[in-house]
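Working through the structure, step by step
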There are 2 protein chains.
Amino acid sequence: MTKWVYSFGKSSNEGNASMRNLLGGKGCNLAEMSSLGLPVPPGFTITTEVCTRYYDNGEAYPAELQAQVEQALASVEKDMGCKFGDARNPLLVSVRSGARVSMPGMMDTVLNLGLNDDTVQGLIEQSGDARFAWDSYRRFIQMFGDVVLGVNHHEFEDAIENHKRDAGIQQDTDITAENWQEIVAEYKDIVLRETGKPFPHDPKDQLWAAIGAVFKSWMAARAITYRRIHEIPENWGTAVNVQSMVFGNMGEDCATGVAFTRDPSTGENYFYGEYLINAQGEDVVAGIRTPQSLTKLGREKENSALPSMEESMPEVFQQLDDVRLKLERHYRDIQDLEFTVQKGKLFMLQTRSGKRTAKAALKIATDMVSEGLITQEESLLRIDPQSLDQLLHPTLDPKAVKDVLTRGLPASPGAASGAIVFTSEDAETQAHEGHKVILCRQETSPEDISGMHAAAGILTSRGGMTSHAAVVARGMGKCCVAGAGDLHIDVKARLISVGARQFKEGDILTIDGSTGEVMAGSVDTIQPEMSGEFATLMGWADERRRMVVRANAETPLDAKTAREFGAEGIGLCRTEHMFFDPQRIQNVREMIFATKEAERRAALDKLLPEQRKDFAGLFEIMSGLPVTVRLLDPPLHEFLPHTDEDISSFAKSAGISADLVHRRLSDLHETNPMLGHRGCRLGVSYPEIYEMQARAIFEGALEAAAKTSQTVTPEIMIPLVGAKKELELMRAVVDNAAKAVFAEQGRTLNYSVGTMIELPRAALTADKIAECADFFSFGTNDLTQTTLGMSRDDAASFLPAYVGAGIYERDPFSSLDTEGVGQLIEIARDKGRSTNNAIKLGICGEHGGDPASIAFCEKMGLDYVSCSPYRVPIAKLAAAQAAIREGNSKTIALQGKKAGVA
Amino acid sequence: MTKWVYSFGKSSNEGNASMRNLLGGKGCNLAEMSSLGLPVPPGFTITTEVCTRYYDNGEAYPAELQAQVEQALASVEKDMGCKFGDARNPLLVSVRSGARVSMPGMMDTVLNLGLNDDTVQGLIEQSGDARFAWDSYRRFIQMFGDVVLGVNHHEFEDAIENHKRDAGIQQDTDITAENWQEIVAEYKDIVLRETGKPFPHDPKDQLWAAIGAVFKSWMAARAITYRRIHEIPENWGTAVNVQSMVFGNMGEDCATGVAFTRDPSTGENYFYGEYLINAQGEDVVAGIRTPQSLTKLGREKENSALPSMEESMPEVFQQLDDVRLKLERHYRDIQDLEFTVQKGKLFMLQTRSGKRTAKAALKIATDMVSEGLITQEESLLRIDPQSLDQLLHPTLDPKAVKDVLTRGLPASPGAASGAIVFTSEDAETQAHEGHKVILCRQETSPEDISGMHAAAGILTSRGGMTSHAAVVARGMGKCCVAGAGDLHIDVKARLISVGARQFKEGDILTIDGSTGEVMAGSVDTIQPEMSGEFATLMGWADERRRMVVRANAETPLDAKTAREFGAEGIGLCRTEHMFFDPQRIQNVREMIFATKEAERRAALDKLLPEQRKDFAGLFEIMSGLPVTVRLLDPPLHEFLPHTDEDISSFAKSAGISADLVHRRLSDLHETNPMLGHRGCRLGVSYPEIYEMQARAIFEGALEAAAKTSQTVTPEIMIPLVGAKKELELMRAVVDNAAKAVFAEQGRTLNYSVGTMIELPRAALTADKIAECADFFSFGTNDLTQTTLGMSRDDAASFLPAYVGAGIYERDPFSSLDTEGVGQLIEIARDKGRSTNNAIKLGICGEHGGDPASIAFCEKMGLDYVSCSPYRVPIAKLAAAQAAIREGNSKTIALQGKKAGVA
């Protein structure tokens, strides 16, 4: 016979914390606490399997359920020394849902179940407090009416208000036992009127109705939506917890409270919590009375005059503090507790792992290692790598009032307020004058780089998580909200419209790049502070991770930031970013307008010294570490002037007609530039461009090597290769440049040549390509675009709906689509290694900074990940976690693995 | 000891036709003819392995070569009864290159080798003709000087002219023996002057120099280029043929000629050829004298007064005619012959498979089956499917003079002349007035469809083989030259510039869509004629092919054409083409501008009856055959007005502000529309669009079924699926529409729902997608774009260079990239069948009409191919050939396989 019901409490305790799947989070922890000898009011849990069975069988319970519930109830009655429905000494219970994971949308709590016109008398008798008893009764009807019978809770609230008005009562505390009794009668009328049926008198009927309501709530619309979004399978089901009531509101020797075993906001190790004397749990949350601090320390911290529990109930507090230490030692993590004191006796109602801020998580995880509670590995696994972002960027003051206009994509973390500007030039001018500005564009292009640098934040109405704005902002560590589609940004009119509201140039906006929120006006921000725990944790991570973590960087500033954050090299230096400097763009444009190779070479010759300087500087900053330089990648038209003004100015300085510029622009126009004449296709068409870049790299490297006396090892990366022959041709260009430079200078250095794997065809033919590549760097941005046939610049119009509908679990530009793109990575890895076992494999797309993607890279056995400088710590932690989880950790922890509850 | 030299001729014949790789094409056929007992002047072939060995060993010959050559030469001397270098009775030889395949750029021929100041006397003696002997000598020096010593041939020609001028000679026939002798002396001076060395006297030196020149020419720039283009491996090498000379210019009983065993232009079975009395081979080609017809029939056909060989040399002719029949029976194919008659004796100098026109190929292949020479299978394999295009479209008159301006891509076959127009509207207006026009655009868009229909041909300056213009033109069977990048088409100025030339509206151009040529003025064209042989061959193909051949069609005209060409259904009906009708586009635009679902539905309701009519018509025309309808695919902005004029006119009729239209246009703008909000992404965002289309399909199908009393089986295809969930969602929309329509009408029909596989991710996750698909149709256009990361609209700027450099063997948009895209097809096939064994697999991209791609589809075991209506015959033949080659032919040929030379 299947066991559908598990008892917990004094005389019979059938569950434990490992049975979370069967008993739900709440149920299994009640049983666990009970078996630890903690004072848990007895009760029982109806398993999640009953829920599954219920829906599999047309909403019918298993035959044996009723008998098992009766038996468990009897056991509770025995423990409590009272009887369910007994008019003299009634057992009252609470009924609560409890799935494996906490899940909004499910039925919440029904308290005081078992009360009716008869048993209320027993409660009066037992408690000696008629007002308490009638209040408990009306609370029961209200909760039951709301969550079980579906009566709108306003009906009940209105009834109290009306009653108070009619009786001339000002404050709730003035409501008498008789008033409550009359309100109970009115409540019952409301239930009859609204449901067409009288309020159930029989406590058993009440119990089964409440159990049924919990199971039904599993299929409520909100629960279904929540499950879909959080990928919770429907067949997990929910458990139902039935527990004997204890009362914190039976008098001045009663209390109720919630607590954390440590401060969940700072992580400090002291008992943190609140309690209320003579109150029920909901009163603490409701905010009508001001809860008091648990400890004297807490009271002093809050500068409160209200006595702490430590002071007012020293004995019970001591008991509770013992429980706190016991639970932390047992669960080896910060716990979130609920307790009630009934007539001086402590009861534990819940324990669960405590939610905490990133800062607290860091402190708790490292403290617990010092305390010997957990191992360094466990400590590392406790921290959500993403949460480190909060520690590296300014955040909005959680107490500030926000006038949220809309929400875009959280494209680059951090928050900033500033005046609206619409052009890169304005951003620069105004920033120069000392103003903080938010650069607002439909989308950004490489021409906006200097404006983005100058702005405090970037806001776009188009583009996804890997749009130009998003990628560049992340690289700069600058906050960005992208693809806020509700905004109509009219650059010409210098106006932003959102709904009926309009904002003009100079108006203040605040953006939160961690949430995507766009707010009117200025909102206070909090600056990040780096703690010693951060360094400690990073140290542990470094000792364990297998994969190298590099940064994507091209400017000296980026490179310095990368080194500060602990990057172990540059995984992607995008040389084109070096071309947008105003002094250089003229030469770049001349090169593009050249119709003959000789003219093109003349323009390139002017660029060569500049590029050499770039590379020499970069190699110097990164000295001793590898630097991967990607040769020119974007289509040439990105470098051309676009506005009429720019065009005529360029035409003038280049001594050609504006007409010719227009014509060339039109010739270079592409329908799908992402799939156009770019990457190594440029190198194949104009080898002299790559030749110049290779020469600049080798000359720069030799210069840096001489200056720093360190080994400089350039890794030259050919972009957008789709066929081996392309790489062969381009490799020859690079090798020839190396030969020439080495011969001229009479010195040599080691270098390697590899390719991006960013086209499906490159992955599919990786065996051939690997024959002439020293490394593969997976360019997962473009690989995602091509594999999914989805432009990251255009996906904002449908991708949110796609993720919402569960077509893609997550934005595939933020978190690697392991099912699709991942297959190509695996194919490329296997094929690549089949012909070149020594080939180095890495990833340099945006995914290089995403923990889930990093876990996949570890699974794939890649050698390194490369991400934007500000994500280096995140990537390091994620890489360490992945290594530990895959059993690839470099360090075998000396502590060994302590046994413990998962 | 390796055999490096193979003799052929009377006494020793060591080779045969199967030794083509070793002896080259010329050498093996000389040996083969010789072994058939035909009169072949004796000689020997130095193998291709010597060539390979020569280059592998730093341009040195194998040690044994000299002895083997000496021995073979001795055998020739013995057969001929004369001696190499003998002053009395000298052996003279020719030296020719001969690779496996005929290869321009290789050394051609040196004749009369062995002559010097001594042996010329022997030739005088033997021939009794001093003028002939000295003429032969000077011809030898000239050829040897040119091709072996590298002396510019103008030097020799100038010498003759100068001599004639100085001697007052008007005509070549007036040059005397003495004149030739003096010219020989001058020639030797020229050689000494130009090379610094005297002309070699010793015939052995001459021979080895000529042999060396042949081998060296294997590495000549032109030969290398040719090999790269035609993918001929370098290590094939060339053979050298040394053959004793026979002379057609020794008197009136001598002659030389070339012949085809049948008419290579029409395929008629009569002896076709030309000869000249008293001439050497080069004279026939040089065009100084008018060659005479071989046969009386030929002479009469040409209306010539000059006697035929049949008439003037009846006996030798009879001998030659016997040889002709013998060779055809032996080789079982039309032969291209060279012969010489020396003093009344016939010598065969060459036989090879004859080049022929498509028309001739068809007739010969079918005739030879009737004649019992070859099997139907062989007949099918003899025809290049591509060549059928010549039979289905007008071609340029080969005799016409052409003023070629430039060459674009041969995007859609056929040729046409017409007046230049620049807009679709002008094309329609002028065509309506009876003018033939060429629509000239930078690129075309769906808005140009009606103009393209009206035009005689389409010319674009941008776009590749699968650009919009190319695809649509092929579908219409209309000639098109695409991506002619040298043209600057200025629509505003109504001017086309190419180099320094300009053409304005109304000027006449001619385009040849089979070659890509763009010509000034009008060029005569020849209309195609379909022969009975065509039907015969198609019948044989139909009996053998395994794959079904369908057509891509959406208009009634296309569908009718498809049926006429024998399509077995529609594989791709692009519903969006139905939306561009002027009456409908307004409704489509209203739908796009709707901001609420209700408004969108109202606009769709107006479209529904039109779509229903479309489908009913299509199903009726195709009745009894399956029709695959693809739901809306292109991004919505393709339907929006683009010019200011259109915008204001639409705004007016829709009753909204032009400003709003501009705003919506800007909102819908995409950076990479190919990767944007299109395909099923539209269906996911706006299910009501697909719902309307599905309803129209089912209503139309029921209507057509009732009308024709035939089974109508719609196959509904969801485009651009990348994840199973997308297909699930869209399939539900279709199934619900079916349910609703069937319920309303009280009738049902069978239908199926499938998807395009056109994204790499779809192929990679085909196992999951197949779980809810009835069929996969490989959309290889988009699959190529995404797999290669290459926009077909933009590839014209670099793809020709890519194909030229051998990065891709062929334009991957014309011929499937089997190495890359092919892998995804294989993955999708295997994964798809792993979860749905009954899944139907087909291809509907442009590649469906490309023979090489069709061969790949056969290899993959696909069920059908679908191509444009005009390519259906090509696809059928290609499918039959592929089935035969893969051993999948449906018919086991009754004839059996006749043994024969390959």
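Residues numbered from 1 in each chain as written. Chains lettered and ligands numbered in written order. Predicted model: local features only at pLDDT ≥ 70, side-chain atom pairs only at ≥ 80, totals over all residues. Heavy atoms only, no water.

Description of the sheet that holds strand β32 (residues 840-843) of chain A
Residues and elements named next belong to chain A. Rules: Any two strands with at least two DSSP-identified bridges between them are counted as paired. Secondary structure elements are defined from DSSP: runs of H or I of at least 4 residues count as helices, runs of E of at least 2 residues count as strands, and each element is numbered from the N terminus. Between the N-to-C directions of two axes lies an angle of 0 to 180 degrees, each axis being a line fitted to C-alpha atoms and, for a helix, fitted only over the stretch in contact. The contact criterion used is simple: two residues touch if any of their non-hydrogen atoms lie within 4.5 Å.
Read around the closed barrel, the eight strands follow the order β26-β27-β28-β29-β30-β31-β32-β33; overall the barrel is parallel. Sheet twist, expressed as the mean angle between neighbouring strand axes with direction ignored, is 25°. Of the pairings in the sheet, the one linking strand β26 (residues 548-552) to strand β27 (residues 570-574) comprises two bridges and is parallel in character. Note that in β27 the partner of Asn552 across the bridge is Leu572. Seen against the sheet, helix α28 (residues 724-745) touches β29 (714-718) and β30 (752-757) and runs at an angle of roughly 145° to β30. Contacting β26 and β33 (864-867), helix α35 (residues 872-885) crosses the sheet at an angle of about 155° to β26.

Describing the pairing of strand β2 (residues 43-46) of chain B
Residues and elements named next belong to chain B. Rule in force here: Whether a residue is buried, partly exposed or exposed follows from its accessible area with a 1.4 Å probe, protein chains only, as a fraction of its type maximum: under 20%, in between, or over 50%, in that order.
Both faces of β2 are covered, namely the face carrying Gly43 and Thr45 and the face carrying Phe44 and Ile46. Two strands pair when backbone bridges link them, and strand β1 (residues 5-8) and β2 are joined in this way by four bridges, in the antiparallel orientation. Paired with Tyr6 across the strands is Thr45, a residue of β2.

As for the relation of the copies chain A and chain B
This is how the line gets drawn: For this overlay, a least-squares fit was computed on C-alpha atoms, restricted to residues scoring pLDDT of at least 70 in both copies.
Aligned on chain B, chain A shows an RMSD of 0.1 Å; the corresponding rotation is 180° and the shift along the axis is 0.0 Å. Such values leave the two copies arranged in the relation of a two-fold axis. Relative to the rotation axis, the closest C-alpha in chain A is found at Asn672 of chain A, a distance of 2.1 Å. Counting the interface residues of chain A, we find that 100% of their copies in chain B are interface residues as well, pointing to one common contact surface.

So, the pattern of salt bridges
Quick note on the threshold: A pair is scored as a salt bridge if a Lys or Arg side-chain nitrogen falls within 4 Å of a carboxyl oxygen belonging to Asp or Glu.
Under the counting rule described, the total for this entry stands at 130 salt bridges over all chains. Between Glu328 of chain B and Arg262 of chain B there is a salt bridge, with its nearest N and O atoms 2.8 Å apart. Taken together, the residues Glu328 of chain B in helix α13 (residues 314-331) and Arg262 of chain B in the loop between β8 (255-260) and β9 (272-277) connect sequence positions 66 residues apart. If you follow the salt bridges from partner to partner, you end up with Glu576, Arg630, Asp633, Arg678 and Asp782 of chain A in one network.

Some points on the environment of Ile169 of chain A
Residues and elements named next belong to chain A. Mapped onto the elements of the fold, Ile169 is located in the loop between α6 (153-167) and α7 (177-195). Looking at Ile169, the relative accessible area reads 14%, which means it is buried. Sequence separation between Ile169 and Asn179 is 10 residues, and the spatial gap between their C-alpha atoms is 9.8 Å. Those residues in contact with Ile169 that sit more than four places away from it in its chain are Lys164, Asp174, Ile175 and Asn179.

Re the interface of chain A and chain B
For clarity, the cut-off: Joining two parts hides part of their accessible area as seen by a 1.4 Å probe, and the buried area is that hidden amount summed over both. Think of a polar contact as two N or O atoms within 3.5 Å of one another; within protein, one of them needs to be a possible hydrogen donor and the other a possible acceptor, and neighboring residues in sequence only count if both atoms come from side chains.
Listed by partner, the interface residues are 54 residues for chain A and 54 residues for chain B. Taken together, the two surfaces of chain A and chain B that pack against each other cover about 4700 Å², and 52% of this comes from carbon and sulfur. Linking chain A with chain B are six salt bridges. Of the charged contacts, one joins Arg761 of chain B and Asp817 of chain A as a salt bridge, the two residues approaching to 2.6 Å between their closest N and O atoms. Counting every contact that joins chain A to chain B gives 33 residue pairs in polar contact (both at pLDDT 80 or more).

Topic: the packing of helix α14 (residues 358-370) of chain A against helix α20 (residues 532-544) of chain A
Two measures define how a pair of helices packs: the angle their axes make with one another and the distance between the axes. Residue and element names in this part refer to chain A. Heads up, the condition is: Angles are sorted into four bins: roughly parallel if under 35 degrees, roughly antiparallel if over 145, roughly perpendicular if 65 to 115, and oblique for all others. In a left-handed crossing the near helix is turned counterclockwise from the far helix by less than a right angle, and in a right-handed crossing that turn is clockwise. Any residue outside Ala, Val, Leu, Ile, Met, Phe, Trp, Tyr, Cys, Pro, Asp, Glu, Lys and Arg is labelled polar, Gly included; the first ten of those are nonpolar and the last four are charged.
Between α14 and α20, whose axes approach to 9 Å, the crossing angle comes to 65°. Taken together, α14 and α20 sit at an angle that is classed as roughly perpendicular. For the pair α14 and α20, the sense of crossing is left-handed. Every residue of α20 that contacts α14 at Leu362, Lys363, Thr366 and Val369 is listed here: Glu533, Phe534, Thr536, Leu537 and Trp540. Among the residues forming the contact of α14 with α20, the class breakdown is five nonpolar, two polar and two charged.

A few points about the packing of helix α5 (residues 130-148) of chain A against α6 of chain A
Residue and element names in this part refer to chain A. Two numbers describe how α5 lies on α6: the axes approach to 8 Å, and their chain directions differ by 150°. Comparing their axes, α6 and α5 come out roughly antiparallel. Facing Arg138, Ile141, Gln142, Gly145 and Asp146 of α5, the residues of α6 in contact are His153, Phe156, Glu157 and Ile160.

Focus: the sheet that holds strand β20 (residues 487-490) of chain B
Strand pairing in a sheet relies on backbone hydrogen bonds. The paired strands run either parallel or antiparallel. All names here are of chain B. Ordered by their spatial adjacency, three strands build an open sheet running β20-β21-β22, and the pairing between neighbours is antiparallel. At either margin of the open sheet sits one strand with a lone partner, and together these are β20 and β22 (501-504). Taken pair by pair, the neighbouring strands of this sheet meet at an average axis angle of 20°, ignoring direction. Two elements, β20 and strand β21 (residues 495-498), share four bridges in a ladder whose sense is antiparallel. The residue of β21 that forms the bridge with Ile489 is Ile496.

Things to note about the nonpolar core
Cut-off, in case you're wondering: Among buried residues, those of type Ala, Val, Leu, Ile, Met, Phe, Trp, Tyr and Cys that are joined through side-chain atoms within 4.5 Å constitute a nonpolar core.
Of all hydrophobic cores here, the largest spans 274 residues; its most connected members are Ile718 of chain A together with Ile718 of chain B. Beyond its immediate chain neighbours, meaning those up to four positions away, Ile718 of chain B contacts Leu631, Cys680, Tyr690, Leu727, Met730, Val734, Val753, Gly754, Thr755 and Met756 of chain B.

Concerning unusual backbone geometry
A positive phi angle is found at Asn278 of chain A, which is not glycine, with a value near 50°. Tracing the backbone shows Asn278 of chain A in the loop between β9 (272-277) and α10 (281-286). Taking relative accessible area as the criterion, Asn278 of chain A reaches 27% and is therefore assigned partly exposed. Positive phi values are uncommon outside glycine, yet Asn112 of chain B reaches one of about 65°. Structurally, the position occupied by Asn112 of chain B is in strand β6 (residues 109-113). Relative accessible area serves as the criterion here: at 0%, Asn112 of chain B is assigned to the buried category.

Section: the packing of aromatic side chains
Put simply, the rule reads: Working definition: rings of Phe, Tyr and Trp (its six-membered ring) pair if their centres are within 6.5 Å, and the pair is stacked with planes under 30 degrees apart, edge-to-face with planes over 60 apart, and tilted otherwise. Think of it as a cone above the ring: NZ of Lys or CZ of Arg counts as a charge over the ring if it is within 6 Å of the ring centre and within 35 degrees of the ring normal.
Scanning the model with the defined rule gives 48 aromatic pairs over all chains in all. Aromatic ring contacts, followed pair by pair, group Tyr54, Tyr55, Tyr61, Trp208 and Phe215 of chain A into a single cluster. Lying over the aromatic face of Phe650 of chain A, Arg589 of chain A brings its terminal NZ or CZ to 6.0 Å of the ring centre. A cation over an aromatic ring shows up here: Arg550 of chain B above the ring of Tyr864 of chain B, its NZ or CZ 4.5 Å from the ring centre.

Considering the confidence of the model for chain A
Residues and elements named next belong to chain A. Using the following cut-off: Confidence of the predictor at the level of single residues is captured by pLDDT, which takes values from 0 to 100.
When the pLDDT values of chain A are averaged, the result is 91; 98% of them are 70 or greater. Per-residue pLDDT stays below 50 along residues 892-902; that stretch engages in 13 contacts with residues further than four places along the chain or on separate chains. Taken together, the chains of this predicted complex give a pTM of 0.83 and an interface ipTM of 0.82.

Quick look at the side chain of Thr784 of chain A
Inspection of the secondary structure assignment puts Thr784 of chain A in helix α31 (residues 780-788). Sequence-distant contacts of Thr784 of chain A, defined by excluding residues within four places in its chain, comprise Gly789, Pro812, Phe813, Val821 and His847 of chain A.

Looking at α6 of chain A
Residue and element names in this part refer to chain A. Spelled out, the test is: Expected span of a helix: the number of residues minus one, times 1.5 Å. For this quantity, the arc is that covered by the directions from the helix axis to the C-beta atoms.
Helix length check: α6, at 15 residues, gives a terminal C-alpha distance of 21 Å against a target of 21 Å (1.5 Å per residue), a fit within 8%. Inspection of α6 places Phe156, Ala159, Ile160, His163 and Lys164 among the buried residues, and these make up the whole buried set. Down the axis of α6, the smallest arc covering the buried residues is 125°, so these residues share one side. Among the exposed residues of α6, those pointing more than 90 degrees away from its buried face are Arg165 and Asp166. Residues of α6 that are buried make contact with α5 and α7. Put simply, Asn152 is the residue that caps the front of α6, since its side-chain oxygen is 2.9 Å from the backbone nitrogen of His154. Immediately beyond the C-terminal end of α6, within one or two residues, lies Gly168, with a positive phi of roughly 65°.

A word on the environment of Ala562 of chain A
Residue and element names in this part refer to chain A. Secondary-structure assignment places Ala562 in helix α21 (residues 556-564). A C-alpha to C-alpha distance of 18 Å links Ala562 and Met578, two positions 16 residues apart in sequence. In this view, Ala562 contacts Ala551, Ala567 and Pro869; residues no more than four positions away in its chain are not counted.

Comments concerning helix α20 (residues 532-544) of chain B
Residues that lie three or four places apart on an α-helix share one face, since the helix turns once every 3.6 residues. In a regular helix each residue adds 1.5 Å, so 13 residues correspond to 18 Å; α20 of chain B covers 19 Å between its end C-alpha atoms and thus fits that length. Residues of α20 of chain B that are buried make contact with α14 (358-370), α15 (376-382), α16 (388-392) and α35 (872-885) of chain B.

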